[in-house]
Amino acid sequence: MITLTMNGLPVTVEEGSTLLEAARFFGFPIPTLCHLEGLTPYGACRLCLVEVGRGDKAKLVTACTYPAADGLVVRTGSSRVIRARKMILELLLASCPQSKVIQDLAAAYEVRQQRFRQEYEDCILCGLCVRMCEEQMRAKAIGFRGRGERRSVGTPFDAPSPACRLCGGCMYVCPACQLRCTYHEPEKAICGSCANLSPPCLEKREFDDLMCFMAPCVACEIRKG
Amino acid sequence: MERLESSEQFKALQKRIIADRDPQIPMVVIPAGTCGQASGANDLIRIAKREILAHELVTKIQLRVTGCHGFCQAEPSVLIEPEGTFYPRLGIKQMTQIVEAVSEGRVVEQLLWRDPKTHKRVQREADIPFFRNQRRTILARNEKVDPIRIYDYIEHGGYAALVKVLEQGNRRWVVEETKASGLRGRGGAGFPTGLKWELLAKARDGGGKFLVSNADEGDPGAYMDRSVLEGNPQSIIEGMLIGAYGTGATAGIIYVRTEYPLAIKHLVIALQQARALGLLGENILGTGFSFDIQIVKGAGAFVCGEETALIRSVEGERGEPRQRPPYPVEQGIYGKPTAINNVETWANIPVIISQGAAEFARIGSPHNTGTKIFSLVGKVKNTGLVEVPMGATIGEIVHGVGGGPAGRAEIKAVQTGGPSGGCLPAAMFDLPIDYESLSAAGSIMGSGGMIVMDENTCMVDVAKYFMKFLKDESCGKCFTCRKGTQRMWEILDDITAGKGTLEQLDLLEELAQVVKDTSMCGLGQTAANPILSTLRYFRDEYVTHIERKFCPATVCRDLFAYRVIAEKCTGCTLCIRVCPTGAITGTKKEVHNLDQSKCIKCRACFEVCNFDAIAGDAIIAVPPGRTSMERNP
Ligand SMILES: Cc1cc2nc3c(=O)[nH]c(=O)nc-3n(C[C@H](O)[C@H](O)[C@H](O)COP(=O)(O)O)c2cc1C
Ligand code: SF4
Ligand code: SF4
Ligand code: FES
């Protein structure tokens with residue numbers, strides 16, 4: 001067992017726990033976006049920041065990936081954490097304002113302004129879909145490509161992947177997709193990755209009993225219309 | 001090449017090599033690293049060979065092709081041993097002359113380097129200020145060895161350090177000695193190398209440990225590691241062997257970018273030769289110690305220089321950093337304990353062992369021992385690789401070695417530490433170059449890039465340039481690093497286009513701080529440095545760009561216009577002749593007229609008007625759309 005200090009409280013957790021697990025176990029709320037139980041922590045969205053260490057050595061780390069260690073001093077809601085988190089939410093709003101998940105988080109942290117040039121991106125590259133596909137669905141059909149500004153999610157060379165079983169798991173976990181698929185401009189409705197995968201609903205013709213988890217879904221609308 | 005079975009055999013070989021060479025026979029040394037070859041060294045080699053053969057000078061003149069000596073400004077150059085005569089910037093014809101002169105024991109006076117200040121010719125390399133003001137522990141060895149001949153390396157003391165270590169037979173001593181030398185990693189972070197090795201030596205052993213030489217070198221404009229690899233690959237191999245002996249590592253990897261074909265070629269040859277001599281591989285020198293090194297080629301992503309991304313890349317995965325802890329010494333390549341060191345760090349190891357730690361630690365300052373190589377580029381007279389003791393001041397490098405400004409404009413700042421370093425103003429040139437001082441001043445040591453900037457450099461534009469590099473090279477995993485660098489670039493782009501606001505400037509600063517605070521690896525954590533440091537020292541330039549829509553350095557094209565001051569124009573027509581678009585009209589002795597709509601801001605008229613004697617300094621840069629004639633509007 002490992003003993004550390006969290007928000008001034010000595011807490012004991014199992015070896016191998018992350019700071020996020022420790023915090024959640026003891027009831028300290030930490031927002032997350034790219035974390036999902038059952039998938040390997042990735043540390044992409046940086047929302048789950050906490051401050052560790054003291055004085056000059058204090059730094060911000062992502063709770064979802066940082067291992068709990070003996071004697072660690074952790075603050076989950078310091079002003080430094082909140083300031084950074086608000087900026088992250090502002091950046092998220094600036095890029096992906098349609099996402100309900102992001103809107104709710106921004107509201108919870110009272111982010112009321114967005115000072116960057118407005119964009120409407122349909123992916124925050126959180127990597128949930130990639131991990132879902134690889135780790136839970138065992139398909140590894142999609143992955144990251146490119147780096148920096150050109151980083152994106154998709155299949156190799158954008159060709160339909162033979163490994164994809166059209167399970168829809170990727171869309172199910174996506175914090176940005178759900179809204180993407182009810183986007184008000186039908187031709188933009190389907191995101192890059194689901195287009196590659198052909199979402200299950202597109203096959204409804206053949207499989208009448210197929211369950212669609214998206215309601216309302218513009219993909220269906222397009223087909224109807 | 002016969003395999004050596006013991007250290008006695010090695011020493012006998014070394015003796016034989018030294019005895020075989022007559023140091024009195026003149027040696028023509030031609031540096032032909034990538035830089036030398038690009039500027040024509042291969043032609044010089046061809047001519048030198050032809051002349052030597054044609055005039056039957058084979059017994060009278062020796063020829064040695066080496067890696068880069070560092071004075072890139074003077075390439076292609078030739079060095080004549082034993083006198084150390086130096087000839088810069090040669091052509092094919094001059095090479096013929098030189099071979100002839102060498103065979104007759106003469107010096108070709110008119111081809112020697114000329115001091116731009118005193119206009120005197122200087123014969124010996126060691127007397128040229130560029131070399132005189134350096135301390136070239138690592139680089140000087142590049143002059144002595146042909147990188148594809150292991151015998152050259154052995155002749156000049158190569159592998160003696162390894163033999164010393166093997167004869168001592170004390171693993172702990174190697175680590176202790178490295179610790180005592182105070183050597184800190186040259187890859188950027190400055191972590192004490194001995195300490196890293198101690199951790200590796202202590203790490204659990206089961207299934208092996210790795211040693212890595214990090215030769216990714218992704219900083220634009222930095223090429224220290226490349227020249228060491230190209231010029232003296234055996235020193236890296238020897239360093240790694242010593243490290244392996246001290247830490248108990250079982251396998252070595254040199255991670256080098258594919259963009260370094262010559263370095264890779266020389267490394268491959270060097271590894272083959274070391275293996276053939278029994279200095280690498282199984283049962284080295286009959287001592288039972290085994291260690292081999294393998295080359296892994298990277299595809300040239302900046303972020304793959306970061307150690308955890310490098311590990312992924314070696315494993316064949318995407319080069320993406322991961323959370324530390326666990327550190328590579330705990331969990332590295334394939335989960336095995338791994339110590340990663342920079343090329344230059346490795347090159348220092350044989351020096352430490354040969355000289356002794358105490359001797360090594362005498363150079364530099366107390367917590368920053370030894371020498372460091374910088375690649376000095378930009379607006380200085382002498383560009384090239386310079387090696388100075390740690391703790392030398394920026395001014396000593398820029399003025400002492402670099403020879404001061406390249407043109408008429410004054411030096412304004414230097415940028416250290418590669419793309420994510422910072423810009424330090426000329427007022428701070430007394431700052432000693434060591435890890436702590438640089439980071440307190442808002443910059444970093446990085447791997448040793450040093451870009452000199454003068455009055456014609458716009459600091460906002462500089463920050464924008466580096467931000468462009470970083471937004472393209474961020475691996476993109478951390479949202480704040482990926483989007484943050486994009487947004488910072490976007491704001492800088494607005495400012496350089498005259499669309500920026502003071503609120504945006506505050507936002508930029510706020511964002512920069514958050515990116516620094518919240519990114520996972522060194523790239524993101526330092527990505528804001530170019531902005532934060534220029535804001536700290538050159539904030540007025542930002543404000544001028546925003547409030548007056550003016551770029552005083554006349555770099556941002558949307559933010560200035562050239563005008564002719566009527567009272568000053570002498571009507572010399574010089575500007576009319578240089579203008580490529582015919583924007584300037586007028587007749588002799590009459591005031592000229594500059595048509596803004598045709599002007600492409602190429603600066604040609606400004607140059608002739610302000611620096612030619614008959615012109616009247618009449619053309620000035622003003623904020624666009626202004627008709628004012630003041631010089632400092
Ligand atoms: C973005 C980034 C790029 C890096 N690039 C290099 C590099 O090209 N070469 C290098 O030796 N170290 C590089 N480093 C530093 C390495 O992570 C590591 O600290 C270093 O190789 C350790 O060796 P040292 O202790 O000898 O300095 C880089 C670090 C970061 C964050
Ligand atoms: S598509 Fe959705 S789940 Fe996948 S990386 Fe983008 S935002 Fe995350
Ligand atoms: S800080 Fe930037 S480069 Fe480093 S892991 Fe995060 S996104 Fe990648
Ligand atoms: S939840 Fe930890 S970084 Fe996204």
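Since the structure is predicted, the reported quantities are computational estimates derived from the model, not experimental observations.

Calculation notes
- Residues numbered from 1 in each chain as written.
- Chains lettered and ligands numbered in written order.
- Predicted model: local features only at pLDDT ≥ 70, side-chain atom pairs only at ≥ 80, totals over all residues.
- Heavy atoms only, no water.
- Pairing = 2+ DSSP bridges.
- Helix = DSSP H or I, 4+ residues; strand = E, 2+ residues; numbered from the N terminus.
- Axes fitted to C-alpha atoms, helices over the stretch in contact; angles between N-to-C directions.
- Contact = heavy atoms within 4.5 Å.
- Buried area = accessible area lost by both parts, 1.4 Å probe.
- Salt bridge = Lys/Arg side-chain N within 4 Å of Asp/Glu carboxyl O.
- 1 Å grid on protein atoms, 1.4 Å probe; cavity = no way out; pocket = protein on both sides within 12 Å on 5 of 7 lines; lining within 4 Å.
- Points joined across faces, edges and corners; volume = space filled by probe spheres on them.
- Nonpolar A, V, L, I, M, F, W, Y, C, P; charged D, E, K, R; others polar.
- pLDDT = per-residue confidence, 0-100.
- Near = heavy atom within 4 Å.

**Structural notes on the sheet that holds strand E3 (residues 78-81) of chain B**
Residues and elements named next belong to chain B.
No. 1: If you walk across this open sheet you meet the four strands as E2-E1-E3-E4, and the pairing is mixed. Edge strands, defined here as strands with exactly one partner in the open sheet, are strand E2 (62-66) and strand E4 (85-87). Geometrically, the sheet is characterised by an average inter-axis angle of 20 degrees between neighbouring strands, direction not taken into account.
No. 2: As defined by bridge partners, E3 adjoins E4 across three bridges and the pair is classed as antiparallel. In the sheet register, Leu79 faces E4, and the bridge partner there is Phe86.
No. 3: Sitting on the sheet, helix H4 (residues 92-103) touches strand E1 (27-31), E3 and E4, and the angle it makes with E3 is about 5 degrees.

**Some details on the interface of chain A and chain B**
No. 1: Listed per partner, the contact involves 35 residues of chain A and 32 residues of chain B.
No. 2: When chain A packs against chain B, the two sides together hide about 3100 Å² of surface, and 51% of this comes from carbon and sulfur.
No. 3: Area buried by chain A at its contact with chain B is led by Arg46(A), Arg147(A) and Glu149(A), which between them contribute 21% of it.
No. 4: Here chain A is connected to chain B by nine salt bridges.
No. 5: Two residues, Glu121(A) and Lys483(B), come together in a salt bridge whose shortest N-O distance is 3.0 Å.

**Things to note about the layout of surface pockets**
No. 1: Considered as a void within the structure, the second largest pocket measures approximately 1100 Å³ in volume.
No. 2: Forming the walls of the second largest pocket are 39 residues, and the residues nearest its centre are Thr40(A), Tyr42(A), Glu135(A), Arg312(B) and Glu320(B).
No. 3: Put simply, the parts of the chain that give the lining of the second largest pocket at least two residues each are helix H4 (128-136) and strand E6 (143-145) of chain A.
No. 4: Element by element, the count of residues in the lining of the second largest pocket is highest for H4(A), at four residues.
No. 5: Grouping the constituent residues of the lining of the second largest pocket by class yields 15 nonpolar, twelve polar and twelve charged.

**Details of the confidence of the model for chain A**
Residues and elements named next belong to chain A.
No. 1: Residues of chain A with pLDDT of at least 70 account for 78%, and the chain-wide mean is 83.
No. 2: Predicted confidence for residues 179-198 stays below pLDDT 50, and this span has 44 contacts to residues more than four positions away or in other chains.
No. 3: Confidence over residues 210-216 falls short of pLDDT 50; this stretch has eleven contacts with residues more than four positions distant or in other chains.

**Details of the site of ligand 3**
No. 1: The environment of ligand 3 is formed by 13 residues, the closest being Cys475(B), Lys477(B), Cys478(B), Cys481(B) and Cys521(B).
No. 2: In terms of residue class, the shell around ligand 3 is built from eight nonpolar, four polar and one charged.

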